[in-house]
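Breakdown of the fold
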Amino acid sequence: DDDDDDDDDDDDDDDDDDDDDDDDEEEGGDKKRHDAKKVIVCREVGKIANLEALARKELFGEDDDDENEVKASKSKSSNGRKKSSSSIKPLDFCASIAHTRWATHGPPNKINTHPHTSDSRENEFVVVHNGIITNHAPLRAMLERRGMKFETDTDTEVIPKLCKFLSDKFEESGEKDVTFRQLAMEVTRQLQGAYALVFKSTKYPGELVAAKRGSPLLMGISDDSGEVSCVIDGNLSDGAEEDVLLKKASGNKKRKSMTGGAAAAAAADADTTTTTRITTTTTTTTNNPKVEFYFASDASAMVEHTKRVLVLEDDDVCHCHDGTYKIYKVEKQKHPHPGYTSGHDSPEYGLYKPVVLSKEVERTIETLEMEVESIMKGEFDHFMQKEIFEQPEAISSTMRGRLVLDVLGAAERVMLGGMSQFAATIRRSRRIILCGCGTSYNSAIAIRQLFEELTELPVTLELASDVLDRRCPFFRDDTCIFISQSGETADTLKALEYAKAKGALCVGIVNTVGSAISRATDCGVHINAGAEIGVASTKAYTCQIVAMVLVALSLSEDSRSKHTRRDDIMQGLLKLPGCVKECLKMDAILLELAQELKEEHSLLIFGRGFNYATALEGALKVKEVALVHSEGILAGEMKHGPLALVDKHMPIIVVCTNDGSYEKQQSVVQQLKARDGRLILIVSDDDTEMEKTAPDAVILRVPKVEDCLQAVVNIVPLQLLSYHLTVLRGHNCDQPRNLAKSVTVE
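Residues numbered from 1 in each chain as written. Predicted model: local features only at pLDDT ≥ 70, side-chain atom pairs only at ≥ 80, totals over all residues. Heavy atoms only, no water.

What about helix α11 (residues 490-501)?
Under the 1.5 Å per step criterion, the end-to-end length of α11 is 17 Å for 12 residues, consistent within 8% with the ideal 16 Å. Listed in full, the buried residues belonging to α11 are A490, D491, T492, L493, A495, L496, Y498 and A499. Looking at the buried residues of α11, the elements they touch are β18 (431-436), α10 (464-470), β20 (478-484), β21 (505-510) and α12 (516-520). At the exit of α11 stands G503, carrying a positive phi of roughly 90 degrees. (Helix = DSSP H or I, 4+ residues; strand = E, 2+ residues; numbered from the N terminus. Expected span 1.5 Å × (residues − 1). Buried < 20%, exposed > 50% of the residue type's maximum accessible area, 1.4 Å probe, protein only. Contact = heavy atoms within 4.5 Å.)

This is the structure in structure tokens:
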């Protein structure tokens, strides 16, 4: 998802600035070096490797046939200097931006790829963008009236063209000293919607400006001593002809100095994350460290480069310049002059002077806990497969330090430090509202019944995308629990802002530390599932359920009548990782079943009670990765329509493990069998009745746990089935068609 090859629906974009002033021709008649103000823009569709090859050719005149020669040039000659057929010289400073695009406006083709430029010839202003600009149409119309020519279908293209337009107007107005940061602020104040932006310009060589509103944006800082130059996908080339200029700058924890450094930026798109694949850093002749700055939408994109990151907040603008960075907070204000268009109005008739006010702020630098291995496939073929098999460890990690054990190793109580101060307030709530999207919403369905049982409060479910459409009545004595793997889901964030405005207590259940939802909520729980790279959520789903079980147990700890039930659930939680591990041993059985189902075009999954969520989540996995139509259906609704679809050709999965709905599910199986349905039954390992009820059915046996935890175990066979179906049908399970990991636009 981040640094691996993308499928054909992704567009890879890269832009690199070569700051070498040498205009002499290279040996062997190679083309002249690009001068310091030349911005090289490379666009490619498909694999990142194709983009790298194109970038090498544009930068150094290398073709694929020259690859062996380039590798040979890495070896040192007898006098200790490296041979270089392309005579690549180290660069004092380089600022590069890149982006893998997820199409929102316009199809995924080369013309719509990022970066977008102010003009196709000079590339004076270059921008990459993650998000969506909702007022791009009026801005586009205004710029077209002023003579701007648009080449793409995207909303992003208005941004670099607006940069060019305002820059020219400032110069015409006599404003010659407008900084790159001021210009970027003037541009972003005209934009509506969500964005994470990185700007680059030939007018401001060696500078980058990053801005954020709505979409996630992190900044990574890497400072190492030593000699590195011309880093292209990890291949090093040094051998400087002369010493480079050393930039001396000092700063504290919030303003790092760069000595012979490099700034590299990558803004990820609406749902994929990437760092720059081509960066250039500086060789130094002293022990001064080099510094690299990275911008990305997710920490997993930069963990292999640095673990020191800071999270930018809404309306933050970061300016990398002269070897340091500064972060500014844009202040919301109205300009007193009646002729000036403030806010989000068109700048067409404004007074062209920079008027946006800002103040320098500090953001805390954090150290990432994740390891590089967490974003590698290891011994597995796909990230989805790896993450399915990581679930026992992920569940244990979710419970670690929260499930307190006694001296005999039995679970004694639940301790959630992040919610301890608000537990009493939640218990006094009028109701609890569970809110999420997609898989996170399914996890809320799985836990609703237990919340109602243990807290004795009414619990409602809300799809985050529907909250604002309906203007749901939230009240000050409501508790709203927002569930999101990434913590950046746009619809969930909007619902969170709406709930906060209504005065409700907001709780977050997220996987990403420092995400927007974790920062905006009053309290919450991190599920600690680890990095999840595959688009289809697997371990995050099961860990979300476990985390919310812990929340329900914590809220009911003062109830003596619930003591026995709580104790059974806590002991069941201790056994849960082992039960999931047992389910994973069914992998070969699920592969055989997938072989039988790979040609099918539709699949029905019936569930009831705690396992209605299992039916919904299993169907979601099959449809999003295997691209097979599937429906998760509440078994009680079978006679109200779905029964008409049942025949001898329709494969039907029924989740009928031993719980309070077992007898009703047995009746469902009998009715489906009477209509010649092709039955696949998920039953408890000690069940003997279902095999008698449907002797011709395929039986999948899973370990039996407490009923409220059974959904965690039962989903594993369906995850394995969806994975094998996807591989057998020839699809990419890590990057499903038209989907992306983190939905950061509405």
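Focus: the packing of aromatic side chains
Taken as a whole and assessed by the stated rule, the structure comprises 4 aromatic pairs. Pairing F293 with Y325 gives two aromatic rings, centres 5.4 Å apart and planes at 85 degrees, and the pair type is edge-to-face. Here Y325 lies in strand β13 (residues 324-330) and F293 lies in strand β10 (residues 289-296), a separation of 32 residues in the sequence. Accessibility expressed as a relative area gives 0% for F293, which makes it buried. Seen from the ring of F150, K161 lies directly overhead, with NZ or CZ sitting 5.4 Å from the centre. (Phe/Tyr/Trp six-rings, centres within 6.5 Å; stacked < 30°, edge-to-face > 60°. Lys NZ or Arg CZ within 6 Å of the ring centre and 35° of its normal.)

Brief notes about helix α5 (residues 180-188)
Buried residues dominate α5, accounting for 8 of its 9 residues. What α5 keeps buried is the set F180, R181, L183, A184, M185, E186, V187 and T188.

Some remarks on the nonpolar core
The nonpolar side chains of a soluble globular protein tend to be buried, and buried together. Counting residues in each nonpolar core, the largest one holds 92 residues, and the members touching the most others are L450, F451, I509, V549, L573 and L576. With 13 residues, helix α13 (residues 539-555) is the largest single contributor of residues to this core. What F451 contacts, discounting residues up to four positions off in sequence, is I432, E456, V459, I481, M548, V551, A552 and L555. Counting 32 residues, the second-largest nonpolar core is a separate cluster that includes F125, L139, V178 and V187. (Core = buried A, V, L, I, M, F, W, Y, C linked by side-chain atoms within 4.5 Å.)

Re the side chain of T538
Mapped onto the secondary structure, T538 falls in the loop between β22 (523-526) and α13. Judged by relative accessible area, T538 falls into the buried class, the value being 0%. When sequence neighbours within four positions are dropped, the list of residues in contact with T538 reads M384, E387, I388, Q391, E532 and Q719.

A short note on the confidence of the model for the protein
Here the protein averages 79 in pLDDT, and 77% of its residues register 70 or above. Note on residues 1-36: pLDDT under 50 across the span, and 147 contacts to partners over four residues away in sequence or across chains. pLDDT under 50 marks residues 67-91. Its contacts with residues more than four places away, or in other chains, come to 49 contacts. (pLDDT = per-residue confidence, 0-100.)

Describing the sheet that holds strand β27 (residues 698-702)
Read across the open sheet, the 5 strands follow the order β24-β23-β25-β26-β27; overall the sheet is parallel. A strand with exactly one partner marks an edge of an open sheet, and here the two such strands are β24 (629-634) and β27. Taken over all neighbouring pairs, the strand axes of this sheet differ in orientation by 20 degrees on average, direction set aside. Inspection of the sheet shows strand β26 (residues 678-684) paired to β27 by 5 bridges, in the parallel sense. Residue pairing in the sheet places V683 in a bridge with R701 of β27. Lying over the sheet, helix α15 (residues 587-597) contacts β25 (651-655), β26 and β27, oriented at roughly 160 degrees with respect to β26. Here helix α16 (residues 612-625) sits on the sheet in contact with β23 (602-607), β24 and β25, set at roughly 175 degrees to β24. (Pairing = 2+ DSSP bridges. Axes fitted to C-alpha atoms, helices over the stretch in contact; angles between N-to-C directions.)

With respect to the packing of helix α7 (residues 391-399) against α13
Look at α7 against α13: their axes get within 9 Å of each other, and the N-to-C directions meet at 30 degrees. By the angle between their directions, the pair α7 and α13 is classed as roughly parallel. The element α7 and its partner α13 pack so that their crossing is right-handed. Note on element contacts: α13 touches α7 through K539, T542, C543, V546, A547 and L550, opposite Q391, A394, I395, T398 and M399. Counted by class, the contact of α7 with α13 contains 7 nonpolar, 3 polar and 1 charged residues. (Parallel < 35°, antiparallel > 145°, perpendicular 65-115°, else oblique. Left-handed = near helix turned anticlockwise from the far one by under 90°. Nonpolar A, V, L, I, M, F, W, Y, C, P; charged D, E, K, R; others polar.)

Quick look at the pattern of salt bridges
Applying the stated rule across the entire model yields 28 salt bridges. Where R140 meets E144, a salt bridge forms, and the shortest distance between an N and an O atom there is 3.7 Å. Of this pair, R140 and E144 both sit in helix α3 (residues 136-145), 4 residues apart, which is roughly one turn of the helix. For K386, the salt bridge identified is with E390, shortest N-O distance 3.4 Å. On the basis of relative accessibility, which here comes to 22%, the residue E390 falls in the partly exposed class. Residues joined by salt bridges that share partners form a network here, namely R413, R427, E557 and D558. (Salt bridge = Lys/Arg side-chain N within 4 Å of Asp/Glu carboxyl O.)

Concerning the packing of helix α4 (residues 158-172) against α5
Axis separation between α4 and α5 bottoms out at 10 Å; the angle between their running directions is 120 degrees. What the angle tells us is that α4 and α5 run oblique. Crossing of α4 against α5: the hand is right-handed. Here I159, L162, C163, L166, S167 and F170 of α4 lie close against α5, whose contacting residues are L183, E186 and V187. A per-class count over the contact of α4 with α5 returns 7 nonpolar, 1 polar and 1 charged.

Points about the pairing of β26
Within β26, 6 of the 7 residues are buried, which leaves the element mostly enclosed by the surrounding structure. Bridge analysis of β25 against β26 gives 5 bridges, and the strand direction is parallel. When the bridges of β26 are listed, P651 appears paired with R678. With helix α17 (residues 662-674) bridging β25 and its parallel neighbour β26, the resulting β-α-β unit is right-handed. (Right-handed = clockwise from strand over helix to strand, strands pointing away.)

Section: the state of the cysteines
Under the criterion given, the structure shown has 0 disulfides. The structure places no disulfide on C472, whose sulfur is separated from the nearest cysteine sulfur, that of C435, by 8.1 Å. Of all cysteine sulfurs in the structure, the one in C480 sits closest to C506, which takes part in no disulfide; the separation is 5.5 Å. Look at C506 and you get buried, because its relative accessible area is 0%. (Disulfide = S-S within 2.5 Å.)

With respect to unusual backbone geometry
The residue after H114, namely P115, is reached through a cis peptide bond having omega 0 degrees. By the secondary structure assignment, P115 is in the loop between β3 (95-101) and β4 (116-117). A positive phi is found at N528, a non-glycine position, where the angle reads about 55 degrees. On the secondary structure map, N528 appears in the loop between β22 and α13.

A closer look at the sheet that holds strand β14 (residues 358-361)
The antiparallel open sheet is built from 7 strands, whose spatial order is β4-β5-β6-β7-β12-β13-β14. Each edge of the sheet is formed by a strand with only one pairing partner; in this case those strands are β4 and β14. Relative to strand β6 (residues 193-201), α5 is tilted by about 150 degrees, and along the sheet it contacts β5 (125-133), β6, β7 (208-213), β12 (316-321), β13 and β14.

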